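Read off the chains here:
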Amino acid sequence: MTDPAPQGSTNLHRRLAGRRFLARAAILFEAVWPALWPPLAVVGLFLCVALLNLPPLLPASLQVALLVLVALATAGLLFNGLRKVRLPDDHAADRRLETRSGMLHRPLSVLTDKPATGDAVGLALWQAHAARAITQIGRMHVGLPQPGLARRDPRALRYGLLLSVLACLGIANTDAPTRLYAAVTPSLPVTPGAPATELQAWITPPAYTRIAPIFLKPEGGSVSVPAGSHLTVNVSGGGSEPTLSLNDRTGSFTALDHSSFQADWDLTRGGHLTVRRDGGTLADWTVTVVADQPPTAAWSDNPGSPPSSQRTRLPWQAADDYGVTSLQAELRLRDRPDAPPLVVTIPMPGGSPKTAHGLSQQDLTAHPWAGLPVIGRLVAHDAAGQAGTSADATFTIAERPFHNPVAQVLIAARKSLSLHPDDRGDALEALDGLMQRPGLFAGDIGAFLNLSAIYYGLVFDHADNAIAEAQDMLWQLALHMEEGQTEQTAQSLEEARQAARDAMDKAQQQPNDATRQELAKKLEELRQAIDRHMQALLQEAQRNNAIMPFDPKALRLSDRDMQRMAQQAEQAAKEGRMADAQQQMAQLERMLDQLRNAHVQKNDGKQAKSKRQRGKNQQSVVQDLIAREGGLLDHAQQRDDPNPSAADPNAERTADARVQQALRRALGELMQQFTDLSGEASPGLGEADQAMRDAVTKLNQGQDQAAGDSQQQAIAALQKGNKEMGQAMARMGQQPGQEGEDGQGDGSEDTLGMMMQDGQGADGQGSGALPGSPDQADPNGRDPLGRYNQGSASDNDDNAVPEHREQQRTQAIQDELRRRGADQERPRQELDYIGRLLKQF
C-alpha cells in the first residue's frame, strides 16, 4: 500500500527545510564559538601588545620567537577546540527544533516514520497523528544560539580583553596599521646577495687650472683634460679584481674591501682608457691630454724713462692658458752684461689672470745703475713652473737729477764703480779731487768725514761687498748734499705710500679682517711718515726763510689736511668701509703728489738760481782775466820802453809767458763751463783764446811789442765775450749782475786761482791773492774800487751811485792796497801793479 501524504506537502517541506538549516547553523555555532574563544583570546592579547608598539623594542630574535609562540598557541588552541566539532544532520536539527519549540513525543519523526500495522483502523489513526504533527510545524522556532561561554568564563574576561583591544586602538590611533605591520615583520639580518657591479671614474685637473673635476660616463665617450690631471676609477661589486689599461700601459686596482677596488693614475699622455674584469670590458674612454703651454710676455711699448720723470716705465703684456702667476723684469747692464741682473717684480692684477697688460712705473733712482743703459726683458711664470720671456729692449734707467756739484761728482763716481767695479781708479780720483777742496762742503764736517770714510774704504777694503757698500754711502751722501734731511724723509714717505698702495690692493682683492687690519697699520705708518716729512720741510723753510720767503701757516694747514685724510682712511679700513678708505686714499695721494710737485718746482727754482749764480761767477772770472791780461800788457810795454826798469827782462818775459799760458788754460776751461751752462759758445772768448796763444808765442820769441799787440787783442776779445755771456744769460731769462741773488757756485771762480798755482800773481810771483783775483772779485761785476770793470754786462749802469755798503768795501780795499804798497819787501812786479791800481783813484 502507498504511504499517505499530508495535504500541501510541498509547502510544508520547504518550511521545514528552512527551519532545519537554521537549527543546524545554531548547533554549529554553539559548538564552534567555544572552540574559537581561546585562540581569539591569544590573538587579542597580541593585538594589544602590537598596538602598544612593544614588539619592535625586542631584539629581532625575541620578536620572531614571540610571533612563533603566538602562532603556535593560536593554532594549537584552535585545533584543540575544532577537532571535536561535527557538522549537525537533519536528525539533530529536528531534535533542536522540537526541543526549542516545546514539542513532545518528537512529532517530526512522523514525517519519516511508517505505521507498524497496516489495518484500516491503524492506518486511519496514523494519518490522524501525522496530520496533527504537521499542524505543529508552523509553530516551530530555532531559538538563539547558546554557546555557554558564561559557564566557561564566569569572570567575563572576554569583555575585558575586548575593552583592552579597543583602548589600544585608541592609543595607536592612525599609527595602528604601521604598528601592526612592524609587529609582524621583525628586522632580521638579511644575508647579502651578490652585489651588482658599479663603476665610477673621474679626472681631477691640476688645482692651478681652476677646472672642476670631470666625471666620465660609464657608457664611455671622449674627453680632453689638461696635462698633469689625476685619474680615479672606483669599481664596487663582484669579487674579482679589475684591471686598468691606457694604450700599452696596464695597472692594477687597490682593494678597499672584499668587493670594492680603486685605481689612481697621473695622466701624462692620452689614448684609449679601458677597465676590464674577468675577460670582459666594464668601460672604455678616449682621453686626450692637452699640454700646458708656457706663458708669453712682451713689451707693449718702448720701456725707459720719459723726459722730466724719475720713474722708469715698464709697459708690459702677458698671457697664459691657465693664468700668469708672476711677472718680473730682468735688467742687465749693457756695458757689463756678466753682472748679476736687477730683477724688478711687476705685480699682477687680480691674482693670476689669463691675459693682462699694464704699465709699471718703478722708482729705481736709488739703484747704482740709475742713469746707465740696460738691456731688459720680461719673464712670466705660470703655476706649472714654466717661464716665458720677451724680446730684449735697450733703455736707460731713470735717474734723479742732482744740481749740487759735489753730489754730481759723487753720483758720477758711483756710476763708474757700477761700470768698472774692478777698476776703482776713476772713482778714487774723483773723490780725491773733492777731498782736496773741503770748501765745497760749506763747513759740513760730517759730510766731509763721510766722504773720507768712503774714499779710504775703497782704498783698503777689497771684500766682495765693499763696492755695494761704497755705492750706497755715495748715494746717501749725495742726497745729503742735495737736500739734507728733507730728502731722507721724502724717501721714507714714498716707501710708506707704496706700502699703503699695496695694502689697499690686497684688501680689495682679499677682503677679510686680516687684510683690513694690515691696511690700517700701513695707513698709520703713512700718517707718521707724512708728519716727519712735513716737519723736515718746515725746518728747511725756516732755515731758508732769509732767501726764500715761506708761509709756515700754509705748510701746517696742508699737514693737518693730510693727517686728517690719513686718519679717516685708517678708520674706514678698520670698520670695513673699503670704498670710503679708497676714496680718502685717492685724495691723500693727490695732495702728496701736489706736495712733491711743489718740492720739485722749488728744486727747479734752485737750479735756475744756481745757473744764474754760475753765470755771474763766470763773468767775474772774465773780468779778472781782463785785469790779469792788462798786467801782462803793462809788463810788455815796460820792457819795450827804451829805459826798462826790469833787472832781468828775459826772466820777466819767461815768467809772463808762463802766466799767459796759465791764463789761456783758465780761459779754455771757462769756455767749456759756459758752453755747458748756456748751451752756447762765445765767439769773443774764442778770439781771446787765439790772441792769448799768439801772445805766448811772441813772448817765447822775445817780441814784446808783438806780444803787447796780441794782449790788447785778447783784452778786447774778452770784453766782447763778456757782453756775449751777458746776452746769453738774458736769453736764459735772467740778466746777470742783478743783486739779491744767492746760490752755490760751480767752482768756476776758483779755476783761475787753481791754474795760477796757490796765489801766484799776474806777474808769476808774489804771495796771496791780489785785488781783482777771484777770491776778491765782487760777484756783481764791479772792480775793487767799486766801479764796473771793462766789458761788464752792467755797462749801462756805470753812472749809478755806489751804496753805503759798497763805499765801505771800496775804502777797505784801498786801505789794503796802500798797506801792501808800503811793504817794500814785496816783489817789484806786485808793487808796480798796486801802484797802477792806486793811480786810478
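The text that follows walks through the structure, step by step, so that each part is easy to find.

Rules behind the numbers
Residues numbered from 1 in each chain as written. Predicted model: local features only at pLDDT ≥ 70, side-chain atom pairs only at ≥ 80, totals over all residues. Heavy atoms only, no water. Helix = DSSP H or I, 4+ residues; strand = E, 2+ residues; numbered from the N terminus. Buried < 20%, exposed > 50% of the residue type's maximum accessible area, 1.4 Å probe, protein only. Areas by Shrake-Rupley, 256 points an atom, 1.4 Å probe, with all protein chains shown as cover. Pairing = 2+ DSSP bridges. Axes fitted to C-alpha atoms, helices over the stretch in contact; angles between N-to-C directions. Contact = heavy atoms within 4.5 Å. Salt bridge = Lys/Arg side-chain N within 4 Å of Asp/Glu carboxyl O. Lys, Arg positive; Asp, Glu negative; His and termini not counted. Polar contact = N/O pair within 3.5 Å; in protein donor to acceptor, adjacent residues only side chain to side chain. Phe/Tyr/Trp six-rings, centres within 6.5 Å; stacked < 30°, edge-to-face > 60°. Patch = residues over 30% accessible without salt bridge, like charges linked within 9 Å, V, L, I, M, F, W, Y side chains within 5 Å. Charge placed at Lys NZ, Arg CZ, Asp CG, Glu CD. Parallel < 35°, antiparallel > 145°, perpendicular 65-115°, else oblique. Left-handed = near helix turned anticlockwise from the far one by under 90°. Expected span 1.5 Å × (residues − 1). Disulfide = S-S within 2.5 Å.

What follows covers the overall build of the protein chain. Broken down by element type, the protein chain carries 21 helices and 18 strands. Counting the 841 residues in the protein chain, one finds 41% classified as buried. Total accessible area on the protein chain stands at roughly 44,600 Å², and carbon and sulfur atoms take up 53% of it.

This brings us to the sheet that holds strand β11 (residues 296-299). The 3 strands are arranged β11-β12-β15 in an open sheet whose pairing can be described as antiparallel. Taken across any chain shown, the strands that pair with only one partner, and hence form the sheet edges, are β11 and β15 (355-362). Strand-to-strand twist of the sheet, defined as the mean angle between neighbouring strand axes without regard to direction, takes the value 25°. When β11 meets strand β12 (residues 312-319), the two strands line up antiparallel, connected through 4 bridges. Looking at β12, one finds that A297 is bridged to A318.

What follows deals with the environment of A182. Structurally, A182 can be placed in helix α7 (residues 176-184). On the accessibility criterion, A182 (24% relative accessible area) is partly exposed. Along the backbone, A182 and L51 are 131 residues apart, and their C-alpha atoms lie at a distance of 9.8 Å. Residues contacting A182, with those up to four places away along its chain left out, are P56 and Q63.

Within this structure, the stated rule accounts for 15 salt bridges. The partner of D704 in a salt bridge is R653, and the shortest N-O contact between them spans 2.8 Å. Taken together, the residues D704 in helix α18 (residues 704-731) and R653 in helix α16 (residues 649-678) connect sequence positions 51 residues apart. As far as the burial class goes, D704 and R653 line up, both buried. Here K720 makes a salt bridge to E687, at a shortest N to O gap of 3.2 Å. Of this pair, K720 sits in helix α18 while E687 sits in helix α17 (residues 683-700), and the two are 33 residues apart along the sequence. Assessed through its relative accessible area of 40%, E687 is described here as partly exposed.

On the secondary structure map, D320 appears in the loop between β12 and β13 (324-333). Within the buried set, D320 has no salt-bridge partner at all; the shortest N-O distance to an opposite charge, 7.5 Å, is to R210. Within polar-contact distance, the side chain of D320 engages the backbone nitrogen of Y322 at 3.1 Å. Excluding residues that lie within four positions of it along the chain, D320 makes contacts with D292, Q293, P294, P295, K354 and D382.

Time to look at the sheet that holds strand β4 (residues 230-236). Strand order in this open sheet of 5 strands is β2-β1-β4-β8-β7, and the pairing throughout is antiparallel. In this open sheet, the two edge strands, each paired with only one partner strand, are β2 (214-216) and β7 (254-255). When β7 meets strand β8 (residues 260-266), the two strands line up antiparallel, connected through 2 bridges. Bridging across to β8, A255 finds its partner in F261.

Counted under the stated rule, the structure contains 6 aromatic pairs. Relative to Y322, the ring of Y208 lies with its centre 6.1 Å away and its plane at 75°, an arrangement referred to as edge-to-face. With Y208 in the loop between β1 (198-204) and β2 and Y322 in the loop between β12 and β13, the pair connects residues that are 114 residues apart, well separated along the chain. Note on Y322: relative accessible area 13%, which makes it buried. Summarising the aromatic geometry, the rings of Y456 and F460 are spaced 6.3 Å apart at their centres and angled 15° between planes, so their arrangement reads as stacked.

The grouping of V49, L52, L54, L57 and I171 at the surface amounts to a nonpolar patch, some 440 Å² of accessible area in total. Tracing the backbone through its elements, the reader meets L54 in the loop between α1 (9-51) and α2 (60-82).

For the rest of this paragraph, the subject is the pairing of strand β10 (residues 280-290). Judged from the 6 bridges that link them, strand β3 (residues 221-226) and β10 form a sheet pairing that is parallel. If you follow P226 over to β10, its bridge partner there is V290. Pairing geometry for strand β9 (residues 271-277) and β10, over 7 bridges, is antiparallel. Looking at the pairing, H272 lines up with T286 of β10. The hairpin turn running from β9 into β10, its antiparallel successor, is 2 residues long, and D278 in that turn takes a positive phi close to 50°.

A few words now on a negative patch on the surface. Together, D338, D422, D423, D426 and E429 make up a negatively charged patch on the protein surface. One can find D423 in the loop between α8 (405-419) and α9 (425-435). A relative accessible area of 43% places D423 in the partly exposed class.

With that settled, the discussion passes to the packing of α9 against helix α10 (residues 445-460). For the pair α9 and α10, interaxial distance at closest approach is 10 Å and the crossing angle is 150°. It follows that α9 is roughly antiparallel to α10 by the angle criterion. α9 and α10 meet at a crossing whose hand is left-handed. Residue-level contacts link L428, L431, D432, L434 and M435 of α9 to F448, L451, S452, I454, Y455, Y456, L458 and V459 of α10.

Our focus in this paragraph is α16. A turn of α-helix holds 3.6 residues, and therefore any two residues three or four places apart point the same way. Look at α16: 42 Å from first C-alpha to last across 30 residues, which is about the 44 Å you get at 1.5 Å a residue. One or two positions beyond α16, positive phi appears at G679, with a value near 75°.

Orientation of α10 relative to helix α11 (residues 466-482), taken along the N-to-C sense of each, is 160°, at an axis distance of 10 Å. Between α10 and α11, the interaxial angle falls into the category roughly antiparallel. For α10 against α11, the interelement crossing comes out left-handed. Along its contact with α10, which presents A447, N450, L451, A453, I454 and L458, the element α11 presents I467, A470, M473, L474, L477, H480 and M481.

Here, the word disulfide means a covalent bond between the sulfur atoms of two cysteines. With the rule as written, the count across this model stands at 0 disulfides. As a non-bridged cysteine, C48 has C168 as the owner of its nearest cysteine sulfur, 4.0 Å distant. For C48, a relative accessible area of 10% translates into the label buried. A relative accessible area of 7% places C168 in the buried class.

Along the polypeptide, S245 turns up in strand β5 (residues 243-246). For S245, a relative accessible area of 10% corresponds to the buried category. A distance of 3.2 Å separates a polar atom in the side chain of S245 from a polar atom in the side chain of R276. If we ignore the near neighbours within four places in the chain, the residues touching S245 are T250, W265, H272, L273, T274 and R276.

Where like charges cluster on the molecular surface, the positive patch consists of R83, K84, R151 and R152. With respect to the element layout, R83 can be found in the loop between α2 and α3 (90-101). R83 sits in the partly exposed class, given a relative accessible area of 43%.

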